[in-house]
Amino acid sequence: ATLLSAAALYDLLPDYASLAVAAAIASVAVATSIVWRSQLVAGFGLIGAMLVPLAVVAQGGLSALGTAFIAVVLAATAIVSLGRGWRTLFVAAVATSAPQIVALVSQAGYHAQSPWRIVLLASVFAFLYAASGVANQLRSKSAELGMLTTSLAFGGAVLAALAMLRLFA
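Notes on the structure follow. Everything quoted here is computed from the prediction, not taken from an experiment. (Residues numbered from 1 in each chain as written. Predicted model: local features only at pLDDT ≥ 70, side-chain atom pairs only at ≥ 80, totals over all residues. Heavy atoms only, no water.)

1. Things to note about the packing of helix α6 (residues 87–105) against helix α8 (residues 147–167)
Phase 1 of the analysis: Relative orientation of the contacting elements α6 and α8 amounts to 10°, with a least axis distance of 11 Å. Judged on the interaxial angle alone, α8 and α6 are roughly parallel. In this structure, α6 contributes R87, F90, V91, V94, I101, V102 and V105 to the contact, and α8 contributes L148, L152, L159, A163, R166 and L167.
Phase 2 of the analysis: Its residues assigned to classes, the contact of α6 with α8 comprises 11 nonpolar, no polar and two charged. (Axes fitted to C-alpha atoms, helices over the stretch in contact; angles between N-to-C directions. Helix = DSSP H or I, 4+ residues; strand = E, 2+ residues; numbered from the N terminus. Parallel < 35°, antiparallel > 145°, perpendicular 65-115°, else oblique. Contact = heavy atoms within 4.5 Å. Nonpolar A, V, L, I, M, F, W, Y, C, P; charged D, E, K, R; others polar.)

As structure tokens, this is what we get:
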């Protein structure tokens, strides 16, 4: 919250610096959460880091840089949460990240323009969601597909399809 205020409200940090500080906070939170075995601490750091690009939105709209940062944090969250069995953390990460990539792809300036950065970002998010679903299933060692697995795989496919329909003429 302090970082969001410093970046968005008071302009004390430029965009790149606020993302770097968010990454540092997330790294400390992940290290602490692993040592303490605390999903809540990991959530504060990782989900909080995913919310930092919203400060950039408050200043001038969504950016590819902020959304790319969210993709990196989403990948880190997938590794930590699926590795530790913290499914609640990962569901929160998906719920935080999905609206941001959807909002970026939905911007009017990108409709039928297929800018490579936005296409790449949509592809990365779709891949992360689908791959996380597969990883979750492999980790569960169950013969039946779980709700999280199918939701992630289906969600990744839907994101890819809708993003490509929106971005390409």
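2. With respect to the packing of helix α2 (residues 15–36) against helix α5 (residues 64–84)
Phase 1 of the analysis: The geometry of α2 relative to α5 is characterised by a closest axis approach of 11 Å and an angle of 5° between their N-to-C directions. One way to sum up the angle between α2 and α5 is to call them roughly parallel. Here α2 contributes Y16, L19, A22, A23, V30 and I34 to the contact with α5, which in turn contributes L65, G66, F69, V80 and R84.
Phase 2 of the analysis: Class assignment of the residues belonging to the contact of α2 with α5 gives a composition of nine nonpolar, one polar and one charged.

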